[in-house]
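# Descriptive structure summary
Each chain, written out:
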Amino acid sequence: MKCKINRNAAKIMKEMLESEEAEGQMLRVIVTEIHGNHAHYALTFGTPTEHDEIVHTDKDIDVLLDTRDKDYLDGVWIQFFYVPEEGFQIVNPSKGHPNHF
């Protein structure tokens, strides 16, 4: 599976991984909702399970993706934007883009 991260997201994700809350854990992308031709995603902490694939990104951050949700997680793109408001945007370009976030 593949996961792409922009520079801003990598910076924030590295800070998240250095926090006390993340001790001994990795970042995980989860599917929170599926409807129509797309899904909604969230970024959480977790430890690998038998269903996870550890995906190595070009930004030296490993991300956990659950292989049971491969159809929606393979190719996910994690971005962080500072404007118009700060936050992550997680999409899978191969599954279309929702017109709402």
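Everything below is about the structure shown above.
Since the structure is predicted, the reported quantities are computational estimates derived from the model, not experimental observations. (Residues numbered from 1 in each chain as written. Predicted model: local features only at pLDDT ≥ 70, side-chain atom pairs only at ≥ 80, totals over all residues. Heavy atoms only, no water.)

Here we take up the overall build of the protein chain. Counting secondary structure elements, the protein chain contains two helices and seven strands. Helices and strands appear in the protein chain in the N-to-C order β-α-β-β-β-β-α-β-β. Rg of the C-alpha trace for the protein chain: 13 Å, near the compact-globule value of 13 Å for 101 residues, within the 12% margin. Its C-alpha atoms give the protein chain principal-axis dimensions of about 35 × 35 × 20 Å. Residues classed as buried in the protein chain amount to 38% of the 101 residues present. Intrachain contacts of the protein chain at a sequence separation of at least 6 include 50% that bridge at least 24 residues. When the accessible area of the protein chain is evaluated, it comes to approximately 6,300 Å², of which 47% is carbon and sulfur surface. Charged side chains in the protein chain number 10 positive and 18 negative. The centres of these two groups are separated by 8 Å. (Helix = DSSP H or I, 4+ residues; strand = E, 2+ residues; numbered from the N terminus. Rg over C-alpha atoms; globule rule 2.2 N^0.38 Å. Buried < 20%, exposed > 50% of the residue type's maximum accessible area, 1.4 Å probe, protein only. Contact = heavy atoms within 4.5 Å. Areas by Shrake-Rupley, 256 points an atom, 1.4 Å probe, with all protein chains shown as cover. Lys, Arg positive; Asp, Glu negative; His and termini not counted. Charge placed at Lys NZ, Arg CZ, Asp CG, Glu CD.)

What follows is about the pattern of salt bridges. Scanning all chains against the criterion turns up three salt bridges. Of the charged contacts in the structure, one is a salt bridge between aspartate 52 and arginine 28, with a shortest N-O distance of 2.7 Å. Remark: arginine 28 occurs in strand β2 (residues 26–35) and aspartate 52 occurs in strand β4 (residues 52–56); sequence separation between them is 24 residues. Owing to a relative accessible area of 14%, aspartate 52 belongs among the buried residues under this scheme. With a shortest N-O distance of 3.4 Å, lysine 59 and aspartate 58 are connected by a salt bridge. You can call aspartate 58 exposed: its relative accessible area is 60%. (Salt bridge = Lys/Arg side-chain N within 4 Å of Asp/Glu carboxyl O.)

Among the nonpolar cores identified, the biggest contains 23 residues, and Ile5, Met13, Val29, Tyr41 and Leu65 are the most heavily contacted of them. Going through the elements one at a time, β1 (3–5), α1 (7–17), β2, β3 (38–46), β5 (62–66), α2 (70–73) and β6 (76–81) are the ones with two or more residues in this core. Among the elements that take part in this core, α1 stands out by supplying four residues, more than any other. (Core = buried A, V, L, I, M, F, W, Y, C linked by side-chain atoms within 4.5 Å.)

Turning our eyes to something else, we now look at α1. Of all the residues in α1, the buried ones are Ala9, Ala10, Ile12 and Met13. Residues of α1 that are buried in the fold lie against β1, β2, β3, β5, β6 and β7 (87–91).

Sheet architecture is open: three strands sit in the order β1-β6-β7, paired in mixed fashion. On the outer flanks of this sheet lie β1 and β7, each paired with one strand and no other. Looking at each pair of strands side by side, their axes are set apart by 20 degrees on average, direction ignored. By the bridge criterion, three bridges tie β1 to β6 in an arrangement that is parallel. Along β6, the bridge assignment pairs cysteine 3 with valine 76. The strands touched by α1 are β1, β6 and β7; relative to β6, the strand with the most contacts, the crossing angle is about 85 degrees. (Pairing = 2+ DSSP bridges. Axes fitted to C-alpha atoms, helices over the stretch in contact; angles between N-to-C directions.)

What describes a pair of aromatic rings is the distance from one ring centre to the other and the angle between the planes of the rings. The full count for this structure, using the stated rule, is two aromatic pairs. Centre to centre, the rings of phenylalanine 80 and tyrosine 82 are 5.1 Å apart; their planes meet at 75 degrees, and the pair counts as edge-to-face. For phenylalanine 80, a relative accessible area of 5% translates into the label buried. Joined through ring pairs, the aromatic side chains of Phe80, Tyr82 and Phe88 make up one cluster. It is lysine 4 that lies over the ring of tryptophan 77; its NZ or CZ is 5.0 Å from the centre. If you follow lysine 95 out to its NZ or CZ, it ends over the ring of tyrosine 72, 5.2 Å from the centre. (Phe/Tyr/Trp six-rings, centres within 6.5 Å; stacked < 30°, edge-to-face > 60°. Lys NZ or Arg CZ within 6 Å of the ring centre and 35° of its normal.)

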